[in-house]
Amino acid sequence: MSVRIHNISIDCRDTYALSGFWAQVFDCPRQPDDFPGDSEAMLLPPGGPEVLFIAVPEGKTVKNRLHLDLQPTDRTRDEEVARLLAVGAVQVDDQRRADGGGWVVLADPEGNEFCVLRSAAERAATAG
């Protein structure tokens, strides 16, 4: 028997606002029945599990124990980082290396960290 990930849940204060940020990240719409003030909101990113945003009263206080690693499909890592910063992400750490490897740690508007990796094309170009 095996299992699959049905959805990834993200605790947050404002489900509508945070799902709006991640809708831009994943380039997918919010569900049509999600509205401001709802206790839950859902995204269905292409090719991935559902992402469920659940309202909780407390804010984020420590480093995430689980986070997403994003790999751009149609642009470079640096282009994707610039795009995400423009839609409201904040850079937390920069682990890019001189050889082109590494990643960039960003945070969403509620402080949840995620990483942006090199694209498959970038990895292939430096494979030896």
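Anything mentioned here points back to the structure above.
Q: I tried to follow unusual backbone geometry on my own but got confused; where do I start?
A: Most peptide bonds adopt trans geometry, and most residues besides glycine take a negative phi value. You will see that Asp27, though not glycine, has its phi angle at about 55°, which is positive. As for its placement among the helices and strands, Asp27 is situated in the loop between helix H1 (15-26) and strand S2 (40-43).

Q: Which parts of the structure should I look at to understand the environment of Ala41?
A: For Ala41, the position within the fold is in strand S2. Classification of Ala41 by relative accessible area gives buried; the value is 2%. Put simply, Ala41 and Ala82 are 41 residues apart on the chain and 26 Å apart in space, counted from C-alpha to C-alpha. Not counting chain neighbours up to four residues away, the residues in contact with Ala41 comprise Thr15, Ser19, Asp34, Val51, Leu52 and Phe53.

Q: Would you mind showing me how to read the sheet that holds strand S1 (residues 7-12) here?
A: What links the strands of a sheet is backbone hydrogen bonding, and the strands pair in either a parallel or an antiparallel sense. Taken in spatial order, the 3 strands make up an open sheet running S1-S3-S2, and their pairing is mixed. For this open sheet the edge positions go to S1 and S2, each flanked by a neighbour on one side alone. The sheet shows a mean angle of 20° between the axes of neighbouring strands, direction not considered.

Q: Which parts of the structure should I look at to understand the packing of aromatic side chains?
A: How two aromatic rings sit relative to each other is given by the distance of their centres and the angle of their planes. Summed over all chains, the structure comprises 4 aromatic pairs. Considering the side-chain rings of Phe21 and Trp22, the 5.4 Å spacing of their centres and the 90° angle between planes classify their relative orientation as edge-to-face. As far as burial versus exposure is concerned, Phe21 and Trp22 are alike and both buried. For the pair Phe21 and Phe114, a centre-to-centre distance of 6.5 Å together with 55° between the ring planes defines the contact as tilted. In this pair, Phe21 is assigned in helix H1 and Phe114 in strand S7 (residues 113-116), connecting sequence segments 93 residues apart. Phe114 matches Phe21 in its accessibility class, with the two residues each being buried. Taken together through their ring pairs, the aromatic side chains of Phe21, Trp22, Phe26 and Phe114 make up a single cluster.

Parameters at a glance
- Residues numbered from 1 in each chain as written.
- Predicted model: local features only at pLDDT ≥ 70, side-chain atom pairs only at ≥ 80, totals over all residues.
- Heavy atoms only, no water.
- Helix = DSSP H or I, 4+ residues; strand = E, 2+ residues; numbered from the N terminus.
- Buried < 20%, exposed > 50% of the residue type's maximum accessible area, 1.4 Å probe, protein only.
- Contact = heavy atoms within 4.5 Å.
- Pairing = 2+ DSSP bridges.
- Axes fitted to C-alpha atoms, helices over the stretch in contact; angles between N-to-C directions.
- Phe/Tyr/Trp six-rings, centres within 6.5 Å; stacked < 30°, edge-to-face > 60°.

Remember that the coordinates give geometry; whether it matters functionally is a separate question.
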